[in-house]
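In case you want the letters, here they are:
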Amino acid sequence: MCTQKLLPITTAINPRELGGFTGFNNRKIKMHCLLRTGNLSKMSQEDRLFLKNYGVVKIIDLRSKSESFAHPDPQIDDVQNIFLPLSSEEGTLGGENDLNQGAKLYNENPHAAFKMMCDHYRDHVIEAHDQETVRQVLKILSETDEGAVIFHCTEGKYRTVFVALFVLYILGVDLEVIRQDYLASNEILTEYRAARDKEFQEAGKGLTFRANMRVLSSASDSLFDTILLTIEKEYGDLETYVRDVLNATSELEDKLRELYLEK
């Protein structure tokens with residue numbers, strides 16, 4: 001059973017605590033250590049203070065350079081901001097640049113966004129840049145002896161889940177629990193997606209376009225499976241990928257488990 005632990009902040013999207021999940025040797029992930037969220041750029045001073053008091057010491061921004069520049073992460077005293085884009089591509093799925101580039105397809109083919117999402121997840125698995133980003137996240141986590149680390153993208157659903165998959169897997173969380181944690185974004189983002197759809201409708205966008213936009217702001221089993229199927233096809237299995245591609249040595253795994261799992 002996957003139980004979500006939403007952080008009590010109102011000015012950041014999809015803010016979650018990953019503590020409490022059962023991992024390696026039936027040990028639970030520690031609280032106040034691993035957080036996943038969406039965009040943090042609109043955070044109130046009150047919510048920034050909450051994160052500081054919660055123990056946050058590092059914020060890892062997985063967004064592209066253009067996204068990060070346009071909507072920078074908050075500067076919080078004693079909190080390190082780390083820019084580490086998952087993809088070498090610019091923009092975000094469903095962002096302004098992407099909408100301009102894919103406008104024709106989004107208006108004509110209701111499945112265009114789904115195909116594009118599948119392609120992006122395959123790229124994340126096989127592209128050297130994306131692999132290196134995950135390696136760097138694991139390294140940062142292994143070097144954080146105290147305090148909490150946030151890793152995030154725009155909606156806390158797409159790039160964030162790709163990183164969360166490997167972090168949680170190394171910590172020994174059951175793959176089905178990881179899947180359900182990913183799918184939980186659908187319920188958490190319900191109001192956000194409804195408001196976004198209303199804006200598109202009021203702007204005169206047709207149902208085909210809006211269907212594509214809903215896909216871009218939703219989680220699905222098929223997309224999660226795209227990651228796993230690509231790994232299986234190209235590398236054999238998830239364990240091999242983590243060990244041989246992400247270079248997660250037994251020493252690194254032991255260090256992460258020591259830091260983030262209860263005794």
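Everything that follows concerns the structure shown earlier in this document.
Residues numbered from 1 in each chain as written. Predicted model: local features only at pLDDT ≥ 70, side-chain atom pairs only at ≥ 80, totals over all residues. Heavy atoms only, no water.

Overall, the coordinates contain 20 salt bridges when judged by the stated rule. Among the ionic pairs, Lys 52 bridges to Asp 78, the shortest N-O distance being 3.2 Å. Here the residue Lys 52 occupies a position in helix H1 (residues 45-54), and Asp 78 occupies one in the loop between helix H2 (65-70) and strand E4 (80-83), the gap between them amounting to 26 residues. By relative accessible area, Lys 52 is classed as partly exposed at 32%. One connected set of salt bridges, linked through shared partners, spans Glu 176, Arg 179, Asp 221 and Asp 225. (Salt bridge = Lys/Arg side-chain N within 4 Å of Asp/Glu carboxyl O. Helix = DSSP H or I, 4+ residues; strand = E, 2+ residues; numbered from the N terminus. Buried < 20%, exposed > 50% of the residue type's maximum accessible area, 1.4 Å probe, protein only.)

Another aspect to go through is empty space enclosed by the protein. One pass over the full model with this rule turns up two cavities of 30 Å³ or more. In this structure, the second largest cavity occupies an estimated 50 Å³ of space. At the level of secondary structure, the elements contributing two or more residues to the lining of the second largest cavity comprise helix H9 (190-202) and helix H10 (207-216). Ranked by residue count, the leading element in the lining of the second largest cavity is H9, at four residues. (1 Å grid on protein atoms, 1.4 Å probe; cavity = no way out; pocket = protein on both sides within 12 Å on 5 of 7 lines; lining within 4 Å. Points joined across faces, edges and corners; volume = space filled by probe spheres on them.)

The next thing to look at is the packing of helix H7 (residues 175-183) against helix H11 (residues 221-235). For the pair H7 and H11, interaxial distance at closest approach is 10 Å and the crossing angle is 135°. Accordingly, the angle class assigned to the pair H7 and H11 is oblique. Considering the relative orientation of H7 and H11, their crossing is right-handed. Listed contacts from H11 to Leu 175, Ile 178, Arg 179, Tyr 182 and Leu 183 of H7 are Asp 221, Leu 223, Phe 224, Asp 225 and Leu 228. In terms of residue class, the contact of H7 with H11 is made up of seven nonpolar, no polar and three charged. (Axes fitted to C-alpha atoms, helices over the stretch in contact; angles between N-to-C directions. Parallel < 35°, antiparallel > 145°, perpendicular 65-115°, else oblique. Left-handed = near helix turned anticlockwise from the far one by under 90°. Contact = heavy atoms within 4.5 Å. Nonpolar A, V, L, I, M, F, W, Y, C, P; charged D, E, K, R; others polar.)

As enumerated under the stated definition, the model contains eight aromatic pairs in all. Here Tyr 182 and Phe 224 contribute two aromatic rings whose centre-to-centre distance is 5.7 Å and whose plane-to-plane angle is 25°, an arrangement assigned as stacked. With Tyr 182 in helix H7 and Phe 224 in helix H11, this pair connects stretches of sequence that are 42 residues apart. For Tyr 182, a relative accessible area of 1% gives the class buried. Look at Tyr 235 and Tyr 241: their rings are 5.0 Å apart centre to centre, the planes differ by 65°, and that puts the pair in the edge-to-face class. (Phe/Tyr/Trp six-rings, centres within 6.5 Å; stacked < 30°, edge-to-face > 60°.)

Counting across every chain of the model gives zero disulfides. No disulfide involves Cys 118; its nearest neighbouring cysteine sulfur is the one of Cys 153, lying 17 Å away. What makes Cys 153 buried here is its relative accessible area of 2%. (Disulfide = S-S within 2.5 Å.)

This part is about unusual backbone geometry. Here Asn 25, not a glycine, exhibits a phi torsion of approximately 55°, which is positive. Tracing the backbone through its elements, the reader meets Asn 25 in the loop between strand E1 (16-17) and strand E2 (34-37). What makes Asn 25 exposed here is its relative accessible area of 60%. Although it is not a glycine, Asn 26 adopts a positive phi angle of roughly 65°. Along the polypeptide, Asn 26 turns up in the loop between E1 and E2.

Moving on: the sheet that holds E4. Read across the open sheet, the five strands follow the order E1-E2-E5-E3-E4; overall the sheet is mixed. Each edge of the open sheet carries a strand with a single partner, namely E1 and E4. One ladder, built from four bridges, connects strand E3 (residues 56-61) with E4; its direction is parallel. By the bridge assignment for E4, Ile 60 is matched with Ile 82. Against the sheet, helix H6 (residues 159-170) engages E2 and strand E5 (148-152), with an angle of about 160° to E2. (Pairing = 2+ DSSP bridges.)

What follows concerns H9. Taking 1.5 Å per residue, 13 residues should reach 18 Å; H9 reaches 18 Å between its end C-alpha atoms and fits that length. Downstream of H9 by one or two residues, Gly 204 has phi in the positive range, about 90°. (Expected span 1.5 Å × (residues − 1).)

Moving on to the side chain of Asp 181. Counting through the fold element by element, Asp 181 comes out in helix H7. By relative accessible area, which is 2% here, Asp 181 ends up buried. A polar contact is formed between the side chain of Asp 181 and the side chain of Arg 36, at a distance of 2.7 Å. (Polar contact = N/O pair within 3.5 Å; in protein donor to acceptor, adjacent residues only side chain to side chain.)

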